[in-house]
Amino acid sequence: MPDKKKTPENSTENKKIAELAPNKEDSNGQYLNTNTGVKINDDHNSLKAGDRGPTLMEDFIFREKMTHFDHERIPERVVHARGSAAHGVFKVYESMEKYTKAGFLTDTSRETPVFVRFSTVAGSRGSTDLARDVRGFAVNSIQRRVFSTL
Amino acid sequence: MPVFFIQDANKFPDLVHAVKPEPHNEIPQAASAHDTFWDFISLMPESTHMIMWLMSDRAIPRSYRMMEGFGVHTFRFVNAKEESCFVKFHWKPLLGVHSVAWDEAQKISGKDPDFHRRDLWEAIESGNFPEWELGVQIVPEADEHKFDFDLLDATKIIPEELVPVQRIGKLTLNRNPDNFFAETEQVAFHVGHVVPGIDFTNDPLMQGRLFSYTDTQLIRLGGPNFQEIPINRPIVPVHNNQRDGYMRQTINKGRTSYSPNSLGGGCPYQAKMAEGGFSSYAEKIDARKIRERSRSFFDHYTQATLFFNSQSAPEKQHMIDALRFELGKVDTVAIRQRMIGILTQVDKDLAAQVAYGLGLEVPAGPEQPVNHAVPADADPAQYEPFPPKAPVPDISAALSMVNTIKDSIQTRKIGFLVADGVDAATVETVKSALEAAGAVVEIIAPHLGEIIAADNSAIPVQKSLLTASSVFYDALYVPAGVTSSATLEADADAVHFLNEAYRHCKAIAAHADARQVLEATYFAKKLPEDDSEESAMMEGIVIQKDVKKLAKIFIRAIAQHRFWEREKPRRVPA
């Protein structure tokens, strides 16, 4: 597959991608920490009263790891729970100023970053993609929902 | 399954993150056949025994009603004199332990993703109440160190040859819930829900579970009052000083919500042990506060070998196929190679067969070091698994499904393939015999509604060839009828139905006058040469003129569950 990232006209960078960058974390070459920044010496064993003893409540490292894990799910969407999405851009062919003052439909030089999510409606988050169902086709521009069609 | 992947609960988030869909693209759904799972497993030799169970047919049960349940951990019993012993819990299904074929499992997942849920629901609705016996393995406290493994290690079983399972009671499921959400979804289970007489051990997996179940329920059910949800509250009234919180239902009266109090008359008051008050077993502990794994936990291979050794030839083949499938779906060749190295420690032939399927060489042994779950300051040598050794006993009969109960066709689903012009008597006689033996018969035809038999009687149709699939049935039967046979023989869906049932090693019966339908299948050359019972039972194909004799042999064949021997020709030589 040709590497599209290398040609400027096919750049996959956009303002939204840049805006997300400060939140991105990369563990490469880093120490394992607790959420308070303490370096972890043993990520494989809980703290016990003896190597065949019961686990101790004071094991804040275990409790933090397990509590975060226990709480990592959020309720799924009631409809459209199953979906897949991608980043991209939208560019208008010709200015539509005669009909609208919306910037992304009038400025032919503007590339509007978008995030598009396709989905089924009825199935739960882990359900099959090929259910006989209506499909969602939802488009988000930066900060603003532009349109959504079924 | 009676064991788990990990020994210390601290590894649970890592295990689950590894097996769940990968975090960048959330693929694959509900499958262990991907890189992150096998990456983790190949670096954690303590999971080897569990991997044997997971790769066996135990991981694709025919029904919830036909699988065993286990307490996994070693628990304690405590008697009225405060004497304790260790105990392992088992649930033994009275219908036996049965599984489906892997190809079948994948097809069922598409054609009826609710297969097990529907099976359990229908069995209970129809009065075929699922039953299990509660089994216990009791180990006197004095025998704690008598075994080659540690009783506190959740990756080990106690082989039934060493400590027999005593069957002490029966569980019967006789009523479906009224509302899925209110009951099935909101129910909250917990290892720590015990009564006086049952207590915990120091199993470090169980210790962590005692914390994490409540912790999960706090968020899943929205706060500390989840035990007031109808399905979760005890039958006895609850009196304590726990108060308020989101969605509190109880209206506590009075001024006092603390203890001790005098304004509330000292109530609620503690119960003496003689009155049923829970008192923890006074286990002696004299130890350092330590973050460590006991060396007694490092025999990772012996019971994996015991499990593999105990399987029948078809069961072993299924494990080889499962490992080839799973590791074949792993893109990173180095991970496949590392797993083959681990498998050499379980069984050389297993490793060789899996390697052949992956087109890899078998290494002399596992990559060194084998175990990568080592603390930063620990000596890695102290975390290496013990070298493989021959298990004692060398096999355990309880670990193979070949030795399970095979004397009943109770609740088995039998499909009858019929078309217009079928011989009604050959339908009715066999149907009555199967139903008398407890089986469920469904008439499957090219169309729904009714089939008009040769004698002009009408036979109601339950499923069409479009709405049914062979994977929903335990066995198939083709009754007689000149027109019916001609229709089925020429119907690609009907022939596929039979071909697929044969491929999944199910019992297949046909009236002698419908033999032509079986001759249209790919197994035409495998049809029995004579009409003896012995010939029929070799391949599980029953062709008889006499319907009473047909029904009798067919029932025996269905009770065998599957004729895995049929898979032999497609085996690759070692």
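Residues numbered from 1 in each chain as written. Chains lettered and ligands numbered in written order. Predicted model: local features only at pLDDT ≥ 70, side-chain atom pairs only at ≥ 80, totals over all residues. Heavy atoms only, no water.

Colleague: Which residues make up the overall build of chain A, and what values do they have?
Modeller: Within chain A one finds 3 helices and 5 strands. The secondary structure elements of chain A, listed N-terminal to C-terminal, are α-β-α-β-α-β-β-β. Residues counted as buried form 26% of the 150 residues belonging to chain A. Counted over contacts in chain A with a minimum sequence separation of 6, partners at least 24 positions apart contribute 46%. (Helix = DSSP H or I, 4+ residues; strand = E, 2+ residues; numbered from the N terminus. Buried < 20%, exposed > 50% of the residue type's maximum accessible area, 1.4 Å probe, protein only. Contact = heavy atoms within 4.5 Å.)

Colleague: Would you mind going over the overall build of chain B in detail, with residue names and values included?
Modeller: Across its full length, chain B holds 17 helices and 15 strands. Judged by the C-alpha coordinates and their principal axes, chain B covers about 90 × 65 × 50 Å. Looking at chain B as a whole, 51% of its 574 residues are labelled buried. Sequence-distant contacts, at least 24 apart, represent 72% of the contacts inside chain B between residues at least 6 apart. Positive and negative side-chain charges of chain B, numbering 59 and 77 respectively, have mean locations separated by a distance of 3 Å. (Lys, Arg positive; Asp, Glu negative; His and termini not counted. Charge placed at Lys NZ, Arg CZ, Asp CG, Glu CD.)

Colleague: I'd like a description of helix 13 (residues 482-489) of chain B, backed by residues and values.
Modeller: All of the buried residues along helix 13 of chain B are Ser484, Ser485 and Leu488 of chain B. The buried residues of helix 13 of chain B occupy an angular sector of 95° when the element is viewed end-on, so they sit on one face. (Arc of directions from axis to C-beta.)

Colleague: Tell me about the nonpolar core, residues and numbers included.
Modeller: Core analysis: the biggest nonpolar cluster contains 50 residues, and Trp38, Ile51, Met52, Leu323, Leu350 and Val354 of chain B have the highest contact counts within it. Residue contributions to this core reach at least three from each of two domains, namely domain 1 (9-237) and domain 2 (300-397) of chain B. (Core = buried A, V, L, I, M, F, W, Y, C linked by side-chain atoms within 4.5 Å. Domains from an automatic or database assignment.)

Colleague: Let's hear about the interface of chain A and chain B: which residues, and what values?
Modeller: Contact residues are listed per partner, giving 32 residues for chain A and 42 residues for chain B. Connecting chain A to chain B are 8 salt bridges. For arginine 52 of chain A, the salt bridge goes to aspartate 150 of chain B, with nearest N and O atoms at 2.6 Å. Counting across the interface, chain A meets chain B through 28 residue pairs in polar contact (both at pLDDT 80 or more). Elements represented by at least two residues in the side of chain A that touches chain B include exactly strand 1 (47-49) and helix 2 (60-70) of chain A. The element contributing the most residues to the side of chain A that touches chain B is helix 2 of chain A, with 8 residues. Class assignment for the residues of the side of chain A that touches chain B results in 8 nonpolar, 10 polar and 14 charged. Sheet analysis places strand 1 of chain A next to strand 7 (residues 289-291) of chain B, joined by 3 bridges and oriented antiparallel. Within strand 7 of chain B, the residue paired with lysine 48 of chain A across the bridge is isoleucine 290 of chain B. (Salt bridge = Lys/Arg side-chain N within 4 Å of Asp/Glu carboxyl O. Polar contact = N/O pair within 3.5 Å; in protein donor to acceptor, adjacent residues only side chain to side chain. Nonpolar A, V, L, I, M, F, W, Y, C, P; charged D, E, K, R; others polar. Pairing = 2+ DSSP bridges.)

Colleague: Describe helix 2 of chain A, with residues and values.
Modeller: Among the residues making up helix 2 of chain A, those that are buried are Ile61, Phe62, Lys65, Met66, Phe69 and Asp70 of chain A. Seen from one end, helix 2 of chain A has its buried residues packed into an arc of 155°, which puts them on one side. Next to the buried residues of helix 2 of chain A lie helix 1 (12-19), helix 7 (204-220) and strand 7 of chain B.

Colleague: Pulling in residues and values, what's your account of the packing of aromatic side chains?
Modeller: Under the criterion given, the structure shown has 21 aromatic pairs over all chains. Where phenylalanine 69 of chain A meets phenylalanine 12 of chain B, the ring centres are 5.4 Å apart and the plane angle is 90°; that geometry is what we call edge-to-face. Placement of phenylalanine 69 of chain A in helix 2 and of phenylalanine 12 of chain B in helix 1 is noted, with the two residues assigned to different chains. Taking relative accessible area as the criterion, phenylalanine 69 of chain A reaches 12% and is therefore assigned buried. Given a relative accessible area of 26%, phenylalanine 12 of chain B falls into the partly exposed group. Between phenylalanine 5 of chain B and phenylalanine 37 of chain B, the aromatic rings sit 6.0 Å apart at their centres with planes inclined by 90°, giving edge-to-face as the arrangement. Taken as a pair, phenylalanine 5 of chain B in the segment before helix 1 and phenylalanine 37 of chain B in helix 2 (residues 35-42) lie far apart in primary sequence, 32 residues in all. Judged by relative accessible area, which is 11%, phenylalanine 5 of chain B ranks as buried. Here the aromatic cluster, defined as three or more aromatic residues joined through ring pairs, consists of Phe69 of chain A together with Phe4, Phe5, Phe12, Phe37 and Trp38 of chain B. (Phe/Tyr/Trp six-rings, centres within 6.5 Å; stacked < 30°, edge-to-face > 60°.)

Colleague: Please give an account of the packing of helix 2 of chain B against helix 10 (residues 333-344) of chain B that cites residues and values.
Modeller: The relative placement of two packed helices is expressed as an angle between their axes plus a distance between the axes. Residue and element names in this part refer to chain B. Relative to each other, helix 2 and helix 10 sit at 40°, their axes nearing to 9 Å. In terms of axis orientation, helix 2 runs oblique to helix 10. Crossing handedness for the pair helix 2 and helix 10: left-handed. Contacts between helix 2 and helix 10 involve Asp35, Trp38, Asp39, Ile41 and Ser42 on the former and, on the latter, Ile335, Arg338, Met339 and Ile342. (Axes fitted to C-alpha atoms, helices over the stretch in contact; angles between N-to-C directions. Parallel < 35°, antiparallel > 145°, perpendicular 65-115°, else oblique. Left-handed = near helix turned anticlockwise from the far one by under 90°.)

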